[in-house]
Amino acid sequence: MELDVSGAKILFTLPIDVPILGELRISETMVVSWIVMLLITGVCIWLTHDLKVENISKRQAVAELLVETANKFVIGNMGEKFRYMIPFVAALFATSVVSNLISLVGLRSPTADLSTEAAWAVVVFIMITAQKIKTGGFGGYLKGFTTPIAIMTPFNILSELATPVSMACRHFGNILSGVVINGLIYAALAVASSALFGLLPGIVGDVLSQIPILDVGIPAILSVYFDWFSGIMQAFIFCMLTVMYIANAAEES
């Protein structure tokens, strides 16, 4: 899809589907997602290699710090009984962060595809529902839709279904908006560069006006927010919502 802005064209790449073995399709999102998983797995193997009890290395110290941070985050927000959730929440956060930041190396972020966040949200929704059934029983779970009065049942069902939708769309919207804004900034700077250096006389102006000089440096500064800060913050928010929803489900009767 192309967007024309004052003569400058911005290209927003869409997921590429490559047909493999007939109906089986491998999309760009799937390929980059596997790259993300391989990166995380490789880093985990590297950090946990050759662990020691005494005289630990800096690598092991970093690994222990990450584990301790994950422990405090989950137990502090959910309680000791949810210690088993630590690996899941840590993996979810790591996958989200790496997926958000992988666009910095030129790959298309998997989180710029709604299907990625939708899959995460469905998994979290199943865990929330399972926790509610575990706490109040299947009958208690169904009865919860009729509170405070039976006429509220359709609205309570919509509210329940809105949980995964809102989680997925919030994460996806923020990441995609960053991609779009960055594209607009690059296009605007290219137009400004062409107009500015086109004022120079002769062949110098003709040559320099064709080079988007202003695209060098300025977008990198802006990416500190749109890529680094926003990407890490959205991963944190998604994980925080996950632990809070599951913890609240455990308190419902």
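Residue positions are given per chain, counted from 1 along the sequence in the order it is written. Local features in this predicted model are restricted to residues whose pLDDT is 70 or higher, and side-chain atom pairs enter the listing and the counts only when it is 80 or higher, whereas totals over whole chains, interfaces and linings include all residues. To get the side-chain values, all heavy atoms of the structure are used, and hydrogens and water are removed first.

(A) Region of interest: the side chain of Arg 108. By definition, any uninterrupted DSSP run of H or I lasting at least four residues is a helix, any uninterrupted run of E lasting at least two residues is a strand, and each is numbered from the N terminus. Tracing the sequence through the fold places Arg 108 in the loop between α3 (86-101) and α4 (114-143). This buried residue, Arg 108, is left without a salt bridge; Asp 113 holds the nearest opposite charge, at 4.5 Å. Counted as a polar contact is a pair of N or O atoms within 3.5 Å, where, for protein atoms, one must be capable of donating a hydrogen and the other of accepting one, and residues adjacent in sequence contribute only when both atoms are in side chains. In terms of polar contacts, Arg 108 uses its side chain to reach the backbone carbonyl oxygen of Ala 112, at 3.4 Å. Under the scheme applied here, a residue whose accessible area is under 20% of the maximum for its type counts as buried, over 50% as exposed, and between as partly exposed, the area being computed with a 1.4 Å probe on protein chains only. Counted as positive: Lys and Arg. Counted as negative: Asp and Glu, with His and the chain ends omitted from the count. One side-chain nitrogen of Lys or Arg within 4 Å of one carboxyl oxygen of Asp or Glu is enough to make a salt bridge.

(B) Quick look at the pattern of salt bridges. Summed over all chains, the structure comprises two salt bridges. In this structure, the salt-bridge partner of Arg 83 is Glu 80, at a minimum N-O distance of 2.7 Å. Residue classification places Glu 80 among the partly exposed positions, given a relative accessible area of 48%. Glu 160 is paired through a salt bridge with Lys 132; the nearest N and O atoms lie 3.0 Å apart. Note that Glu 160 is positioned in helix α5 (residues 153-197) and Lys 132 in helix α4, a separation of 28 residues in sequence. Assessed through its relative accessible area of 12%, Glu 160 is described here as buried.

(C) Representation of the confidence of the model for the protein chain within the structure. Known as pLDDT, the predictor's confidence for each residue is given on a scale from 0 to 100. Mean pLDDT over the protein chain: 80, with 84% of residues reaching 70 or higher. A contact between two residues is defined here by any heavy atoms of the two lying within 4.5 Å. Residue range residues 1-14 is modelled with pLDDT below 50. Its contacts to residues more than four positions away, or to other chains, number 27 contacts.

(D) A look at the packing of α3 against α4. To obtain each axis, a line is fitted to C-alpha atoms, and for helices this fit is confined to the stretch in contact; angles are then taken between N-to-C directions over 0 to 180 degrees. Contact geometry for α3 and α4: axes closest at 13 Å, N-to-C directions at 165°. Our classification of the angle between α3 and α4 gives roughly antiparallel. The way α3 lies across α4 gives a crossing that is left-handed. Between α3, through Phe 88, Leu 92, Thr 95 and Ser 96, and α4, the contact on the second element is made entirely by Trp 120, Val 123, Val 124 and Met 127. When residue character is reported, Ala, Val, Leu, Ile, Met, Phe, Trp, Tyr, Cys and Pro are called nonpolar, Asp, Glu, Lys and Arg charged, and the others, Gly included, polar. Of the residues contributing to the contact of α3 with α4, the split by class is six nonpolar, two polar and no charged. Relative orientations are named as follows: roughly parallel for angles under 35 degrees, roughly antiparallel for angles over 145 degrees, roughly perpendicular for angles from 65 to 115 degrees, and oblique for any other angle. By convention the crossing between two helices is left-handed if the near helix lies anticlockwise of the far one by an angle smaller than a right angle, and right-handed if it lies clockwise.

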